[in-house]
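Notes for the structure review
One-letter residues, chain by chain:
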Amino acid sequence: MRYDEGMTSEDDALESLGQSGLLEVLKWAVLVAFARTGQDYDEDAGHDRMVVGVLNFEYIRDLLDRATANGRYVLPDGASNLGEDILGKGITPEALRTMPSILPGRISRSDYRCSPGWAADGYRVLLQSFKYGEVDHINWGQKSDAKRRVASQPFVTQDVLFSIEEFGLRRIVGIPDGDDFEGVTLVAAHSYDPITDKFELYIGQSKNSEFRGDSCWHWRRQLLGGGTSSELTGRGLPPVLPGSAPSMQVEEIAVRLKKAQTGEGAATSNG
């Protein structure tokens, strides 16, 4: 992690994530996942926002592991890469073709309290779903314990006259009472509404609000946003994606399908 003169925490994070390829692979995974979720969503079968959250979580996690050689896509000893027969299973040839090329080991899996994360160069990214249009109203205290703790980590700013190192002090980064990861943990907040086909993806450092009306972010940057399914497929993604449906087990919650409802449901996944 670098702290160059004149750069903000946001600038430094985005530059680092861009250089590692994590931003690119996040955008690819989210677009492919949303297209697949839109295909699988069936309101007549009783699907609601909970199901949408589960589908997105499962698909995004798998796609990020797929592109970064993590999880079930870890390379066997002595192998330099996985064959297309393995990497392409469950996605279309077009999705495989557009998958970012990330060197194995460049981005590592770094989970925190059962919340899957991916890390590179001192920055780790966790996933969080939210209701479309409500990115500035996420209550981290009502999410998982992992997300609450992440929102409590110190926020280091660069707009100071003298650096902390000049005084012989050590920058405090990381999650209080957290894990062994040394660096800043960010959140990739994603939203997709299959009824309206609207979608969003943000990256930022979360913050526990101290008072009513306080922000839930130290900073955030929108990476993706759109309003129609044609925008999803227009980015080089196929309208139909093959593969089996995911399990209904998601981070820290066991999902039980409710009775069929008309319109949108009220539940949202913490994944």
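The structure presented is a predicted model; accordingly, all values stated were derived computationally and were not measured.

**Brief notes about the overall build of the protein**
In terms of helices and strands, the protein carries 7 helices and 8 strands. The buried share of the protein, taken over its 271 residues, is 50%. Long-range contacts, defined here as pairs at least 24 residues apart, represent 67% of the contacts in the protein between residues at least 6 apart. Surface exposure of the protein reaches about 13,400 Å², of which carbon and sulfur atoms provide 48%.

**Considerations on the layout of surface pockets**
If you add up the space inside the second largest pocket, you get close to 320 Å³. Together, 18 residues line the second largest pocket, and Asn81, Leu82, Leu87, Met99 and Ile102 are the ones closest to its centre. For the lining of the second largest pocket, the per-class residue count stands at 12 nonpolar, 4 polar and 2 charged.

**A look at helix 1 (residues 9-20)**
Owing to its 3.6 residues per turn, the α-helix aligns residues three or four sequence positions apart on the same side. Here helix 1 spans 17 Å end to end across 12 residues, near enough to the 16 Å set by a 1.5 Å rise per residue. Ser9, Glu10, Asp12, Ala13, Leu14, Ser16, Leu17 and Ser20 are the residues of helix 1 that are buried. Immediately downstream of helix 1, the backbone of Gly21 shows phi near 95°, a positive value.

**Here we look at the sheet that holds strand 2 (residues 117-120)**
Spatially, 6 strands are ordered 1-2-3-4-5-6 in an open sheet, and the strand pairing comes out mixed. Among the strands making up the open sheet, the edge pair consists of strand 1 (108-109) and strand 6 (217-226). Pairing geometry for strand 5 (residues 198-206) and strand 6, over 8 bridges, is antiparallel. Counterpart to Ile203 in the pairing with strand 6 is Arg221.

**Let's talk about the nonpolar core**
Core analysis: the biggest nonpolar cluster contains 47 residues, and Leu17, Trp28, Leu64, Val125, Leu186 and Ile203 have the highest contact counts within it. Looking at which element gives the most residues to this core, the answer is helix 2 (residues 22-40), with 11 residues. Residue contacts for Ile203: discarding those within four places in its chain leaves Leu14, Leu17, Leu23, Leu26, Val125, Leu186, Val187, Ala188, Trp219, Arg220, Arg221 and Leu223.

**Remarks on the pairing of strand 2**
Burial of the side chains of strand 2 extends over both faces: Gly117 and Ala119 are buried on one face and Trp118 and Ala120 on the other. As paired strands, strand 1 and strand 2 are joined by 2 bridges and run antiparallel to one another. Bridged to Ser108 within strand 2 is Ala119. Sheet topology places strand 2 next to strand 3 (residues 123-129); 4 bridges connect them, and they run antiparallel. The residue bridging Trp118 from the neighbouring strand is Val125, located in strand 3. Connecting strand 2 to the antiparallel partner strand 3 that follows it, the hairpin turn spans 2 residues, and Asp121 within it adopts a positive phi of roughly 55°.

**Quick word on the environment of Arg66**
Turning to its location among the elements, Arg66 is positioned in helix 3 (residues 49-68). Taking the relative accessible area as the measure of exposure, Arg66 reaches 4% and is therefore buried. The spacing of Arg66 and Ala29 is 37 residues in sequence and 9.3 Å in space, taken between C-alpha atoms. Residues within four places of Arg66 in sequence aside, it is in contact with Arg72, Tyr73, Ile86, Leu87, Gly88, Lys89, Ile91 and Met99.

**Points about the confidence of the model for the protein**
Across the protein, the average pLDDT comes to 81, with 74% of residues at or above 70. Taken element by element, the protein is modelled with least confidence in strand 8 (residues 253-254), mean pLDDT 38, and with most confidence in strand 2, mean pLDDT 98. Of the regions scoring below 50 in pLDDT, residues 159-172 engages in 11 contacts with residues more than four places distant in sequence or in other chains.

**What about the pattern of salt bridges?**
This model, assessed by the stated rule, comprises 15 salt bridges. The partner of Arg72 in a salt bridge is Asp62, with the nearest N and O atoms 2.8 Å apart. Taken together, the residues Arg72 in the loop between helix 3 and helix 4 (84-87) and Asp62 in helix 3 connect sequence positions 10 residues apart. Taking relative accessible area as the criterion, Arg72 reaches 65% and is therefore assigned exposed. Arg149 is the partner of Asp145 in a salt bridge, and the nearest nitrogen-oxygen pair spans 2.9 Å. Placement of both Asp145 and Arg149 in helix 6 (residues 145-150) is noted, with a separation of 4 residues, approximately one turn of the helix. The network of salt bridges with shared partners includes Arg113, Asp145, Arg148 and Arg149.

Reading guide: rules and limits
- Residues numbered from 1 in each chain as written.
- Predicted model: local features only at pLDDT ≥ 70, side-chain atom pairs only at ≥ 80, totals over all residues.
- Heavy atoms only, no water.
- Helix = DSSP H or I, 4+ residues; strand = E, 2+ residues; numbered from the N terminus.
- Buried < 20%, exposed > 50% of the residue type's maximum accessible area, 1.4 Å probe, protein only.
- Contact = heavy atoms within 4.5 Å.
- Areas by Shrake-Rupley, 256 points an atom, 1.4 Å probe, with all protein chains shown as cover.
- 1 Å grid on protein atoms, 1.4 Å probe; cavity = no way out; pocket = protein on both sides within 12 Å on 5 of 7 lines; lining within 4 Å.
- Points joined across faces, edges and corners; volume = space filled by probe spheres on them.
- Nonpolar A, V, L, I, M, F, W, Y, C, P; charged D, E, K, R; others polar.
- Expected span 1.5 Å × (residues − 1).
- Pairing = 2+ DSSP bridges.
- Core = buried A, V, L, I, M, F, W, Y, C linked by side-chain atoms within 4.5 Å.
- pLDDT = per-residue confidence, 0-100.
- Salt bridge = Lys/Arg side-chain N within 4 Å of Asp/Glu carboxyl O.

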